[in-house]
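Chains, contacts and geometry: an overview
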Amino acid sequence: MLTKFETKSNRVKGLSFHSKRPWILASLHSGVIQLWDYRMGTLIDRFDEHDGPVRGVHFHKSQPLFVSGGIEFSGVTSETSVYNLLSYDLAVDSMGIDLIVEEHTLPSYEDSKACKIRDDYKIKVWNYKLHRCLVTILVHLDYIRTVQFHHEYPWIVSASDDQTIRVWNWQSRTCISVLTGHNHYVMCASFHPKEDLVVSASLDQTVRVWDIGALRKKTVSPADDILRLSQMNSDFFGGVDAVVKYVLEGHDRGVNWASFHPTLPLIVSGADDRQVKIWRMNDTKAWEVDTLRGHMNNVSCVLFHARQDIIVSNSEDKSIRVWDATKRTGLQTFRREHDRFWILSAHPEMSLLAAGHDSGMIVFKLERERPAFCVSADSLFYVKDRFLRVYEYSTQKDTQLIPIRRPGSNSLNQGPRTVSFSPTENAVLVCSDIDGGSYEIYVIPKDSYGRGDTVQEAKRGIGGSAVFVARNRFAVLEKSTNQVLVKNLKNEIVKKSILPIATDAIFYAGTGNLLCRAEDRVVIFDLQQRIVLGDLLTSFVRYIVWSQDMESVALLSKHSIIIADKKLVHRCTLHETIRVKSGAWDDNGVFIYTTLTHIKYCLPNGDNGIIKTLEVPVYITKIYGNTIFCLDRDGKNRPIIIDSTEYVFKLSLLRKRYDQVMSMIRNSELCGQAMIAYLQQKGFPQVALYFVKDERTRFNLALESGNIEKALESAKKIDEKDHWYRLGVEALRQGNVGIVEYAYQRTKNFERLSFHYLITGNVDKLSKMMKIAEVKNDVMGQFHDALYLGDVQERVKILENAGHLPLAYITASVHGLHDIANRLAVELGDNVPSLPEGKRASLLMPPSPVLCAGDWPLLMVGKGIFEGGLDNTGRSAEEDYEEAADADWGEALDIGEVENMQNGDISMVLGEEDVHVETEEGGWDLEDLDLPPDADTPKTAPNARSSVFIAPNPGMPVRQIWVQKSSLAAEHAAAGNYDTAMRLLNRQLGIKNFSPLRPLFMDLHMGSHTYLRASPLAPVISVAVERGWSESASPNVRGPPALVFNFSQLEEKLSSGYKSTTSGKFSEALRHFVVILQTIPFIVVETRREVDEVKELIIIVKEYVLGLQMELKRKELTDNPVRQQELAAYFTHCKLQLPHRRLALLNAMSICFKAQNLSTAAHFARELLETNPTAETQAKKARQVLQAAERNMRDVTPLNYDFRNPFVICGSTYTPIYRGQRDVTCPYCSTHFVPSQQGELCMVCDLAEVGADASGLLCSPLQIR
């Protein structure tokens, strides 16, 4: 069973597939009907107003309808309710309804116990597009078991516990036939797919076949049906339009299901006697053919498969069984642990089945439908109908080659899964799942092409998968031992190789290479060298597709595609919501793939899109230009023509082939919002501009690309205030004064327009704006314009007219307009405002603009390929030549003078230039000019304009010179190029944690520059400070940057660290030493001796940092005396200065002695005495410990410490790594670590990655030379 979709819900009682769309209806025991999309795995709709279980639903074949029947409580649900009910299993006494419980004699079926309620048993027809009920029909007197649409007529057949089957015309809403004869519950009834027959199954232990041919004559219009209402009532419990044709008796208990074969005169039934019976019928009789036994409980449902000769049944024994319809034997059984099965449904056109159980439903297929194939050069080899066939792409000729053997077992999914072909040996490997995985080798004779009747004995073998890896060698996966066997064409083992990962499948990856698939990764394995060439973490990979040049590979999973190169270096990943089926590479390096519903493309950068929608799934085999060759599920080759313009256009943009892009824009009809959005996203709005017809979109794109001219064209056509405003904002940003003014004029934005005239110094137009404001009676606008103009009299006049006499008086008085002020004082009388004394007034005048008119000066930038090329789209060559003829190409040539020349040859005239022959016309009149002999005429460049100052080109910035000349990280940081400095530190020292170095980066950059202030309004000038600068140096030669860190500073820090260590201030000392470690990467020295000293300093500081970290850790462990002794012992093995080593030995000796580890304490005492301590107290204490230990030379507690075996200390776990044990080191400080710390951050320097590859410290220019 290949599960395609599964749901979790209440018990599923009814199922129905849609014939065209990937939908399935599921009716639940809880009264809910669910509409699912089984491809997407999503719930589309839900109908949840039922009061009880819904057992049967059915889609109409061609219209957007489905039918359901059920019970509605008459006191609760009205005729106009929106959702459909089928039937009700359990009585609900909480509704206040009188219940009469009947115990039936056949309780085996799950629904045989029912509660009789005063209910209406109705069928409802629904339009799922409108989400409403169209028809409600009162149909039965008891529970409705199944409902089904007729495939041709507007009929519905329903089966009920009232022991009848009824046929209804849902358009006229009338019952057209009642089929009576069963004497117990009718469990199901269904139409024959082609003939006028109905089959029904009942708990009376019979299956009945009904002839409804006479119903065709009763198919009349709804108006006639109303006239026949009385006849319908008389036939309510019987009629002659449907008669029993056969009664099939053979089951020992009630029959739960019966169904027709889609094409053959066969019926299959399942019953409570746990048996499945097959019946055959002809025109006169029907008889039992065979009985299938195997179920352990009641058979709930059984049906014929639509496309294969098999029968599928399910049962309350929690199993689905598959039977061979011809051999009448069991093929396969699928079981669930806790769920009983109740219903089965088959897709009318596809090989899909669905089964409902206690906790949901499952949609599944019984076998893979993907044909096994492989492509070799111009040929496709594939398996169809037990034959190996070849399809030639060039001629589109399909040829049957040889038959291949049928599987020996009766199980499903035993067909060929993969095919591999060796063109030189003409050999084919066919792999299948027979016997848990096996392969067969066929050598195709040259003369068998076109015959296909040559039967040959194949060489066989067992293996998970097999594939050719060389001309006459193939590899076979042996899963049990996780090794690959290389065999020759005689099926003899040539070589064995253990695979590097637990492999469940192998694929071809080039000659001599295999791509091995595990659950979560794939690797490329070289069979010759037995090494891994590439490794990539992936989800479970199903198929591998290599490009023709073997440089790229696509890894196809269920819902994703990973593109990688030949070394499995990841390029991009695509995720799909629908299953990915197949794929192939086209000639441009684009990966074309199919899902269940679409053909799609994937560009090398991961961009993807849809090429074509598919009606049925196909499997791509080869791509030639615009033709995709596919195999469908029936094994037929189908060439599909596609339009590749979209993805070729995007690929050209990606690869910057702009000439091809321009050609496609001119000659193709690329359009659509998706293409425009793509171009905008990729930073080509100027290209998108030429695809758009809608003016609003063109306007937006033009603004985005800064194309003011195009935006102005669109704004004129749109002519809306908002667009003019946005155009004005963009034009103002670009300094295009004319368009700003035009935009403000179109929007009548007088305030902005006045201010615009102010800043551009256009006084005349500002005066006009004041007059306009006066006409419009805009007092504030008029006053602002007068203020901008500095027109005091106009301001006084405006204030006076507005009634603000005090303000007018003050304005006139302040500005010296005494006549006006006196007149206003008379008008004001006693209300004359007083002016402040001792204040001196000054005239408020707006400053003169720097640039009085015209657009802002812009840089001359050459048009890009799109602006230059696309603006001329559609222009002919003749138009270009006409423009060239009008251009200034020198003086015009008088054609009349040339017409009389011999053969029209102008060279004859030009050749006489040196011959001084006087003619009547006077010749060329080239007279000498009387110029002063000392006149010095300056030489000017052609087309030069002497009135324009041309600024000199700026030279290369000093910081850029520093970066180009140096490979020292400190100098890159000083230049401000932090990214290159970090890359250098990572490459040289393996540093990956740059957080502690951030302040050092800033100090280096700030310290290598000084800053000058030229004038108050000018920006600060940054001046680079060079190391070792002198006045005698050449100004054209730039030295390296001055650095704020030097080696002498580190020596001072080292002395401070020593002092703190001696005084026991371990935290302070640790800070000093860590600062030294973090500063050393930025030290630059000049001599070889200094380079060695820097490297030696790293080792010294590293030992102190490690030792002090262990000592601080020891002091924290107050409750672990054993670990305290170990850390104290390890501290003595750090390479410290002699005074500090004596202190470490004294400390370790004391700790071990107190813990009664006398043997270890005696060792430290001897070590201490060997150092000849200068302090007598240290020597005396060591001798005393030694004497005490000699009396009882033993350790009370064992320690992880062996001083006889040389070791180094792990910088993370603080454990010894003894000589011969594997370890990894920090590439910067060379601290040792256990292998599990590979890739972690070094705990000592806090900078580098443990085990990283690094070239080593660079701290001097001498190392680079």
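Residues numbered from 1 in each chain as written. Predicted model: local features only at pLDDT ≥ 70, side-chain atom pairs only at ≥ 80, totals over all residues. Heavy atoms only, no water.

By the naming in an unreviewed UniProt entry, the protein chain is Coatomer subunit alpha, taken from Fraxinus pennsylvanica. Note on the protein chain: under the UniProt heading Subunit (unreviewed entry), the record states "Oligomeric complex that consists of at least the alpha, beta, beta', gamma, delta, epsilon and zeta subunits." (UniProt positions renumbered as here; feature names shortened; annotations may be inferred.)

A separate point is the overall build of the protein chain. If you tally the helices and strands in the protein chain, you get 32 helices and 63 strands. Classification of the 1265 residues of the protein chain by burial places 49% in the buried group. Restricting the contact set of the protein chain to residue pairs at least 6 apart, pairs at least 24 apart contribute 50%. By element, 50% of the accessible surface of the protein chain is carried by carbon and sulfur atoms, the whole surface being about 64400 Å². (Helix = DSSP H or I, 4+ residues; strand = E, 2+ residues; numbered from the N terminus. Buried < 20%, exposed > 50% of the residue type's maximum accessible area, 1.4 Å probe, protein only. Contact = heavy atoms within 4.5 Å. Areas by Shrake-Rupley, 256 points an atom, 1.4 Å probe, with all protein chains shown as cover.)

Here we come to a nonpolar patch on the surface. On the surface, a nonpolar cluster with roughly 290 Å² of combined accessible area is contributed by Met1006, Tyr1011 and Val1020. Looking at the secondary structure, you find Met1006 in helix H24 (residues 998-1007). (Patch = residues over 30% accessible without salt bridge, like charges linked within 9 Å, V, L, I, M, F, W, Y side chains within 5 Å. Salt bridge = Lys/Arg side-chain N within 4 Å of Asp/Glu carboxyl O.)

For strand E26 (residues 319-324), the tally of buried residues reaches 6 of 6 residues, placing the bulk of the element in the interior. Burial of the side chains of E26 extends over both faces: Ser319, Arg321 and Trp323 are buried on one face and Ile320, Val322 and Asp324 on the other. The pairing of strand E25 (residues 310-315) with E26 spans 5 bridges and is antiparallel. Looking at the pairing, Ile311 lines up with Trp323 of E26. Counted along the chain from E26 to the antiparallel partner strand E27 (residues 329-335), the turn is 4 residues long, and its residue Arg328 has a positive phi close to 60°. (Pairing = 2+ DSSP bridges.)

Assignment of secondary structure puts Arg983 in helix H23 (residues 978-989). Note: C-alpha distance between Arg983 and Ala969 (14 residues apart in sequence) is 8.5 Å.

Within the open sheet, the 4 strands sit side by side as E2-E3-E4-E5. Their pairing is antiparallel. Two strands lie at the open edges of the sheet, namely strand E2 (12-17) and strand E5 (42-47), each paired on one side alone. The mean angle between the axes of side-by-side strands here comes to 20°, regardless of whether they run parallel or antiparallel. Here 5 bridges tie strand E3 (residues 23-28) to strand E4 (residues 33-37), and the two strands are oriented antiparallel to one another. Its bridge partner lying in E4, Ser27 is registered against Ile33. (Axes fitted to C-alpha atoms, helices over the stretch in contact; angles between N-to-C directions.)

Now for the sheet that holds strand E23 (residues 286-293). The 4 strands lie next to each other as E20-E21-E22-E23, forming an open sheet whose pairing is antiparallel. Edge positions in the sheet fall to strand E20 (255-260) and E23, since each has one partner strand and no second. Each neighbouring strand pair of the sheet contributes to a mean axis angle of 20°, computed without reference to strand direction. As defined by bridge partners, E20 adjoins strand E21 (residues 266-271) across 5 bridges and the pair is classed as antiparallel. Residue pairing for E21: Val255 is matched across the bridge by Ala271.

Our focus in this paragraph is the pattern of salt bridges. Applying the stated criterion across every chain, the model contains 37 salt bridges. The partner of Lys277 in a salt bridge is Glu288, with the nearest N and O atoms 3.0 Å apart. Residue Lys277 is found in strand E22 (residues 275-281), and its partner Glu288 is found in strand E23; the two are separated by 11 residues along the sequence. In this structure, the salt-bridge partner of Asp535 is Arg521, at a minimum N-O distance of 2.5 Å. Here Asp535 is found in strand E46 (residues 531-537), whereas its partner Arg521 is found in strand E45 (residues 521-526), with 14 residues between them in sequence. Counted as one network, the salt bridges with shared partners bring together Glu6, Arg336 and Asp339.

All right, on to the nonpolar core then. One broad rule of soluble globular proteins: the nonpolar side chains tend to lie buried together. One finds Leu985, Leu997, Phe1073, Ile1080, Phe1082, Tyr1228 and Cys1245 to be the most contacted residues of the largest nonpolar core, which totals 89 residues. Of all the elements, helix H27 (residues 1088-1116) adds the most residues to this core, at 10 residues. Ile24, Ala271, Met281 and Val299 belong to the second-largest nonpolar core, a separate cluster that totals 57 residues. (Core = buried A, V, L, I, M, F, W, Y, C linked by side-chain atoms within 4.5 Å.)

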